[in-house]
Structures are given as structure tokens and as C-alpha cells.
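As a plain string of letters, each chain reads:
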Amino acid sequence: MSLLLLLGPLLVLSLIGVPLVFALLASSLITLVITSPSTPLEVVPQLFVQGMDNFPLLAIALFFLAGELMVACGITERLLTFAQSLVGHLRSGLAQVGIIASFLMAGVSGSAVADAAAVGSILIQSMKKAGYPAGFAAALVETASILGPIIPPSIPFIIYAVLSGTSVGAMFMAGVIPGIMIAIGLALVARYRCKDLGIVTMPRASRQVVLSETGRASFALLAPVIVVGGIRGGIFTPTEGGAIAAVYVLVIGLFVYRGVRFGEIFGSLVRAAHGTASVMVVLGASSIFAWIIADQGISRQFANFIGGLGADPWVLVLLFNLLYLAVGMFLDPIAALIILVPIMMPLLPKLGQDPIQFGVMIVLNLMIGLCTPPVGYLIFITANLGKISTTEVIKHSLPFIGVLMVVLLLVSYVPAVTLWLPSILAGH
């Protein structure tokens, strides 16, 4: 009953276009008034503020800012040029450039949408001029950009860690091997597809050009090394890593590359503040939602229901993957994490999964949802950048989504894919 009261109004309000934060608040208030009329409503604003008053969440604002500054300071363009000097001469050269650039951008921004906009705004038009179909170029950028939330640092991993009580650093490291698998898989598919498309190869860059572009991009290449290496080396926390990333990008933009203007910095601050505020108010509203789930025993009831099915753990994992994929097709990933994580955490013993493995699995599912209709934010972003229909992007993205599904199955059923690196670095 309580679960229906929570989810019913939430889904109805979301479908008619009510902003998520108000839909969460309304469904929570309706459930409180009906099921717990004696509960003072003063608890609502208290829980709202408490949900945002969490120090690790500060990292979200800082990584948002670092990603915005990378674009404003021209770092994205330098990374693309550097990657092109290395692999641009291959038949699938520009496609490989996009994958490498997304991989490198992921080491700072932690956001799929930011990476798609930053890389796609430059690469898609370049690929079209080189003879690549616009749909193929957009599909490549669309699917490669989900490396942002998988390769550390990752904004969804931070949110999951806070909601589940797991280590942010362990979640970051758990995404490294799946991220590498995705990059390699996308590169292989791109190479095969480009052979079918008859893409003409570009001239190989000379050694002098490669060295020159490496030098131009050297400071940019150090950014993910400093951030990820510092976090895993225990030099600073993920939150401090976000601050260091933002300051480092700003310093090299002002004093090394010297191509950034004050107006661009101000615009980056505004966009980062807007993105952070959007996430934080949803997290505040979700804390009320999560409190009701705990207070009403909804997680326990759901766990008992699943236990009563008597299904094998591997079947349950498959069913939950289908559920997460379906949810990801309709809901924003952050909203989906907020709704699903408090309900699903008590089920992990029945699934036979570690919380870290489960976190990577659910985030990867939701990221794949960004590449699939009907919502598919990344589809619309890349289609707009390529000036083509969303149908074209979807058609060309199917082989790349196949790679993501294979990695998802490995993450779901092979614990070592996500747990080996965190255990090694933790000294276990």
C-alpha cells in the first residue's frame, strides 16, 4: 500500500511534466498524510536539508565545474587533436579519436551529458567532413560518452555511494575495468563498421607532429592522472580531488594555454551551479522519500516478496537488469538511483552481490538507458549536434549498444570485473 502511494503519484506527476523535485515532494507528502497522520510535517523540511547536508556531495559541484572549465579552457579540443595525431591515420581514425577523447574527458568530468556535448560539438562535424555518415558519428559520441560516469571520477558513483553507505573511492576503482572494456569494445566495433562504410584513411601524422601535439596536450593529460592517482594514493579525498581538478584546469587555462576569457569562466561557474543545484534539490527531496521507505518497512516487504519467488540468484540478477534497463529508458539516472537504491539494498544477499558490484551494475544499466528511446538524453544531444533525426542515431547506435550489453553481463555475473581492482588497491 505504502509503495503504491509513493510510486503512483510520482509516476503520474512525472508523466505530465511536473519537475522531479516537486513530484518527489508531492508523493512523499501524500504518503505521510495518509499512512502516518500523526507525523509532524516539520520533519519534511528537516529531512530535505539533511539530504543535502552531506560533505561527499560537494564533490558533485566541483566535478561539474571541472568539466565545464575543460571546455571553456580549450582542453577538450587539445585532447581531440592529440588523439587524432596518434590514431587519425587509421581507417577508423576519427572514430577512435572520439573514444580516446571520451576516455580522457571521463577522468575529470564524471558526466555523460557533459562529455557528449563537449566532444560531440567538435568531433561530429569533423567526422562528417571526413566522409563518415552523420548518424554513425553521432551514435559513436553518444555511446562513448557513457564512459564519463564509469571511468573515475563519476557523479552517479558518488550519489550511489552516499545513498548506500559504500566507499566513494572503492566505487571509483570498480569502474576502471568495465570502462576499459567498453572503450576496447567500442573501438573494435567502430573499426569493423568503418571498413563496411568504406571510410578513406587520412595521412599519418609525422613523428614531429605527434611530439608537438603531445606537448600541447601534456598538461591536459595530467589532469585525470592527478585526480585519480591522488584519490587512490590517499593523498586527498574524492571531494578534495574535485577541488584540485577544478583549480588545476583553471590554472592551466589561464596561465599555460591562455585561451580563456573571464566571460567564459563566469559562464562555466553559472552552468556548474545550475547543474549542481538541479542535483542537490532532487537529493534533498529524495531523502524524505528514502525516510518513508525505511519508516514504512517497504524495503523489508519487497525483500520478502522477492524471497518468496524462490528463483535462483542468477535469474534474479537477470530480472533486475531488465528492470533497471526499463527504468533507465524513462527516468533520469539520478532520479532512478534515488528511487531504486534504498529499496534494493536489502536484496543484495539474495542476489549474491557485493554492494560495489551492484552499484556498477545499476549505474551501467541507467547509462545504457541514456542511449535508448523514448527519453534517451544522449540521443537528442548528439542528433542535435549532428543536425540529423534521432532515428538515424538510434539505427547506427545498435552495434555499439551491443558492446555495452556484453560488458553489463560481465559486470553482473563476474564479480572480479568490478571487485578485483578495489580489493588489490585496498590491500585485501
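Data block above holds the structure.
Please read all numbers here as calculations on a predicted model, not as lab measurements.

1. Some words on the overall build of the protein
Secondary structure summary: the protein contains 23 helices and zero strands in total. Expressed along its principal axes, the backbone C-alpha trace of the protein runs to roughly 75 × 50 × 45 Å. Looking at the protein residue by residue over its 428 residues, the buried ones come to 55%. Relative to all contacts within the protein whose residues are 6 or more apart in sequence, the contacts with residues 24 or more apart total 79%. The distance from the centre of the 18 positive side-chain charges to the centre of the 15 negative ones in the protein is 16 Å.

2. Considering helix 21 (residues 377-386)
Listed in full, the buried residues belonging to helix 21 are Leu-378, Ile-379, Thr-382, Ala-383 and Gly-386. Here the buried residues of helix 21 occupy an arc of 125° about the axis, which is enough to place them on one side. Note on helix 21: the residue one or two positions beyond its end, Lys-387, has a positive phi of about 55°.

3. As for the packing of aromatic side chains
Counted according to the given criterion, the structure contains five aromatic pairs. An angle of 50° between the planes, with centres 6.3 Å apart, marks the rings of Tyr-160 and Phe-358 as tilted. Within this pair, whereas Tyr-160 is found in helix 10 (residues 155-164), its partner Phe-358 is found in helix 20 (residues 355-369), the two being separated by 198 residues in sequence. Take Tyr-160 and Phe-358: they sit in the same class, and that class is buried. Through successive ring pairs, a cluster of aromatic residues spans Tyr-160, Phe-320, Tyr-324 and Phe-358.

4. Digging into helix 10
With eight of its ten residues buried, helix 10 lies for the most part within the structure. What helix 10 keeps buried is the set Ile-155, Pro-156, Phe-157, Ile-158, Ile-159, Tyr-160, Ala-161 and Ser-164. Downstream of helix 10 by one or two residues, Gly-165 has phi in the positive range, about 80°.

5. Looking at the nonpolar core
Judged by nonpolar contacts, the single largest core of 145 residues is most densely connected at Ile-60, Ile-75, Met-127, Phe-358, Ile-362 and Leu-364. The element that contributes the greatest number of residues to this core is helix 15 (residues 262-295), accounting for eleven residues.

6. Examining the packing of helix 6 (residues 93-106) against helix 7 (residues 112-129)
Relative orientation and spacing of two packed helices are given, respectively, by the angle between their axes and the distance between those axes. One can describe the packing of helix 6 onto helix 7 by two numbers: an axis separation of 10 Å at closest approach and a directional angle of 165°. Taken together, the axis directions place helix 6 and helix 7 in an arrangement best described as roughly antiparallel. Crossing hand, helix 6 versus helix 7: right-handed. From helix 6, Leu-94, Ala-95, Val-97, Gly-98, Ala-101, Ser-102, Met-105 and Ala-106 reach across to helix 7, where they touch Asp-115, Ala-118, Val-119, Leu-123, Ser-126 and Met-127. Here the contact of helix 6 with helix 7 is built from residues that sort into ten nonpolar, three polar and one charged.

7. Some thoughts on the pattern of salt bridges
According to the stated counting rule, one finds three salt bridges in the structure shown. Between Arg-216 and Glu-213 there is a salt bridge, and its shortest N-O distance comes to 3.0 Å. A residue pair is termed a helical-turn pair when its members lie 3 or 4 positions apart in one helix, as Arg-216 and Glu-213 do in helix 13 (residues 207-232) at three residues. Using a relative accessible area of 14% as the deciding quantity, one classes Glu-213 as buried.

8. With respect to the side chain of Thr-382
Along the chain, the position of Thr-382 falls in helix 21. Given a relative accessible area of 0%, Thr-382 falls into the buried group. Looking at Thr-382, its side chain comes within polar contact range of the main-chain oxygen of Leu-378, at 2.8 Å. Engagement of the side chain of Thr-382 in a polar contact is seen with the backbone oxygen of Ile-379, the distance being 3.3 Å. Not counting residues within four places of it along the chain, the set of residues in contact with Thr-382 comprises Ile-124, Ala-138, Val-141, Glu-142 and Val-393.

9. Considering the side chain of Glu-142
With respect to the helices, strands and loops of the structure, Glu-142 is situated in helix 8 (residues 134-144). For the buried Glu-142, no salt bridge is present, and the opposite-charge side chain at shortest range is Arg-193, 12 Å distant. Excluding residues within four positions of it along the chain, Glu-142 makes contact with Leu-370, Cys-371, Leu-378, Ile-379, Thr-382, Val-393 and Ser-397.

10. Here's the deal with the layout of surface pockets
The calculated volume of the largest pocket comes to roughly 720 Å³. Along the walls of the largest pocket sit 28 residues, with Phe-64, Ser-111, Val-113, Val-279 and Asp-332 positioned nearest its centre. The set of elements that each furnish at least two residues to the lining of the largest pocket consists of helix 4 (58-72), helix 7, helix 10, helix 15 and helix 18 (333-344). Here the element with the most residues in the lining of the largest pocket is helix 15; it accounts for six residues. Grouping the constituent residues of the lining of the largest pocket by class yields 19 nonpolar, six polar and three charged.

11. Details of the environment of Gly-328
Within the secondary structure layout, Gly-328 lies in helix 17 (residues 313-330). Here Gly-328 falls in the buried class, since its relative accessible area comes to 4%. In this structure the C-alpha to C-alpha distance between Gly-328 and Asn-365, which are 37 residues apart in sequence, comes to 6.8 Å. The residues touching Gly-328, leaving out its near neighbours within four places in the chain, are Leu-366, Gly-369 and Leu-370.

What counts, and at which threshold
In this convention, every chain numbers its residues from 1, walking through the sequence in written order. Totals for whole chains, interfaces and linings use every residue, but because this is a predicted model, local features are given only for residues with pLDDT of at least 70 and side-chain atom pairs only at 80 or more, for both listing and counting. The side-chain values count all of the structure's non-hydrogen atoms but skip hydrogen atoms and water molecules. Runs of E in the DSSP output that reach at least two residues are strands. Runs of H or I that reach at least four are helices, and both are numbered from the N terminus. Partly exposed describes any residue whose relative accessible area lies between the buried limit of under 20% and the exposed limit of over 50%, with all areas from a 1.4 Å probe on protein chains only and scaled to the type maximum. Residue contacts are counted whenever heavy atoms from the two residues lie within 4.5 Å of one another. Counting rule for charge: Lys and Arg are taken as positive, Asp and Glu as negative, and neither His nor the chain ends is counted. By convention, the point assigned to a charge is CZ for Arg, NZ for Lys, CD for Glu and CG for Asp. What the arc covers is the set of directions going from the helix axis to the C-beta atoms. Pairing of aromatic side chains here covers Phe, Tyr and the six-membered ring of Trp, requires ring centres within 6.5 Å, and sorts the geometry by plane angle: under 30 degrees stacked, over 60 edge-to-face, intermediate tilted. Side-chain atoms within 4.5 Å are what join buried Ala, Val, Leu, Ile, Met, Phe, Trp, Tyr and Cys residues into a set we call a nonpolar core. To obtain an axis, a line is fitted to C-alpha atoms, over the contacting stretch when the element is a helix, and the angle between two such axes runs from 0 to 180 degrees between their N-to-C directions. Throughout this description, any angle smaller than 35 degrees is read as roughly parallel, any larger than 145 degrees as roughly antiparallel, any in the 65 to 115 degree range as roughly perpendicular, and the remainder as oblique. In this scheme the handedness of a crossing depends on how the near helix is turned from the far one: anticlockwise by less than a right angle means left-handed, clockwise means right-handed. Note on residue categories: nonpolar means Ala, Val, Leu, Ile, Met, Phe, Trp, Tyr, Cys or Pro, charged means Asp, Glu, Lys or Arg, and polar means any other residue, Gly included. A side-chain nitrogen of Lys or Arg and a carboxyl oxygen of Asp or Glu constitute a salt bridge if their distance falls within 4 Å. What qualifies as a polar contact is a pair of N or O atoms within 3.5 Å, subject to a donor-acceptor requirement within protein and to the restriction that residues adjacent in sequence count only when both atoms come from side chains. Definitions used for this entry: grid spacing 1 Å over protein atoms alone; cavity, a set of points where a 1.4 Å probe fits but cannot get out; pocket, an open set with protein on both sides within 12 Å along at least 5 of 7 lines; lining residue, one with an atom within 4 Å of a point. Grid points are joined across faces, edges and corners, and a volume is the space filled by probe spheres set on the points.

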